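# Fold and contact review
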Amino acid sequence: MTQLPFPISEDPTPEAAERGRKLMTGQVEFLKGVVAMDGLPPADRMEVCFAGRSNVGKSSLINALTGRKAIARTSNTPGRTQEINYFTVADSHYLVDLPGYGFAKAPIPIVERWQRLLKAYLSGRATLRRAFLLVDMRHGVKPVDAEIMKLLNSSAVTFQVVLTKADKLGSAARDQTLEQVRSALAKHPAAYPEIIVTSSETGDGIPTLRAIIADLT
């Protein structure tokens, strides 16, 4: 049987799932919100970041990963998170929530400032091990997502697509989205060759993502 490009990540072993659960649901605390590069905390541990369009479900996913109800703020107003939000995970990791992008209602100067900060962060953070790019499974990769993929390529940052809100679709629609996402990813050398399918509502894919983060070195 031919292996599909960008297969869905396999479920973790029980041992890997437990490592991920212990790390991500243990000591997790909000550290600070950063609006400029000189505000970043010391690069003294590995970090992973989460990027995605506004309203993609990023805050809900971070809450699900950490087993908290509101460690990451959720909002009905896209583009509400205007800072790079840092969370400490145990003494070993930073979890980084990047500003949502693609918001239509924010003033252009603010959007441009966020974009400059995003580019500076992605190209200048040596301890960044992986970017998780969240894509709403109902919509697939949009042009603004493709722009972020180009930015990640040019910054030489490995990124892995995390499909969110998988519970909102039937299997036929899910397969259609997966085909579109795989086609988009084929153009990007920085793309990690596995896709994670998640639902913050049902918990699908959460153990997989936790285990991946825990096993990064």
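Because the structure is predicted, anything quoted here is derived from the model rather than measured.

## Concerning unusual backbone geometry
For Phe 6, which is not a glycine, the phi torsion comes out positive at approximately 55°. Examined against the element boundaries, Phe 6 turns out to sit in the segment before α1 (14–24). Backbone geometry at Ala 90 places phi at a positive 50°, although glycine is not the residue there. The residue Ala 90 is located in the loop between β3 (84–89) and β4 (93–97) in this model.

## What about the pattern of salt bridges?
With the rule as written, the count across this model stands at ten salt bridges. Notably, a salt bridge pairs Asp 145 with Arg 53, separated by 2.4 Å at the nearest N-O pair. Placement of the pair is Asp 145 in helix α4 (residues 143–154) and Arg 53 in the loop between β2 (46–52) and α2 (58–66), with a sequence separation of 92 residues. Arg 53 gets classed as buried once you look at its relative accessible area, which sits at 10%. Residue Lys 58 pairs with Asp 97 through a salt bridge whose shortest N-O separation is 2.5 Å. You can see Lys 58 sitting in helix α2 and its partner Asp 97 sitting in strand β4, a full 39 residues away along the chain. Taking relative accessible area as the criterion, Asp 97 reaches 2% and is therefore assigned buried.

## Thoughts on the sheet that holds β4
Pairing within the open sheet is mixed, and its seven strands lie in the order β1-β3-β4-β2-β5-β6-β7. Edge strands, defined here as strands with exactly one partner in the open sheet, are β1 (28–34) and β7 (196–197). One ladder, built from five bridges, connects β3 with β4; its direction is antiparallel. Note that in β4 the partner of Asn 85 across the bridge is Asp 97. Here helix α5 (residues 171–185) sits on the sheet and contacts β6 (159–164) and β7; the angle it forms with β6, its principal contact strand, is near 160°.

## Observations regarding the pairing of β3
With respect to burial, β3 is a largely interior element, six of its six residues being buried. Neither face of β3 is open: one carries Ile 84, Tyr 86 and Thr 88, the other Asn 85, Phe 87 and Val 89, and all of them are buried. Linking β3 to β4, which pair antiparallel, is a turn of three residues; within it Ala 90 sits at a positive phi near 50°.

## Observations regarding the packing of α1 against helix α6 (residues 206–215)
Running from amino to carboxyl end, α1 crosses α6 at an angle of 80°, the nearest separation of the two axes being 7 Å. What the angle tells us is that α1 and α6 run roughly perpendicular. Residue-level contacts link Ala 16, Ala 17, Arg 19, Gly 20, Arg 21, Leu 23 and Met 24 of α1 to Arg 210, Ala 211, Ile 213, Ala 214 and Asp 215 of α6. Partitioned by chemical class, the residues of the contact of α1 with α6 number seven nonpolar, one polar and four charged.

What counts, and where the lines are drawn
Residues numbered from 1 in each chain as written. Predicted model: local features only at pLDDT ≥ 70, side-chain atom pairs only at ≥ 80, totals over all residues. Heavy atoms only, no water. Helix = DSSP H or I, 4+ residues; strand = E, 2+ residues; numbered from the N terminus. Salt bridge = Lys/Arg side-chain N within 4 Å of Asp/Glu carboxyl O. Buried < 20%, exposed > 50% of the residue type's maximum accessible area, 1.4 Å probe, protein only. Pairing = 2+ DSSP bridges. Contact = heavy atoms within 4.5 Å. Axes fitted to C-alpha atoms, helices over the stretch in contact; angles between N-to-C directions. Parallel < 35°, antiparallel > 145°, perpendicular 65-115°, else oblique. Nonpolar A, V, L, I, M, F, W, Y, C, P; charged D, E, K, R; others polar.

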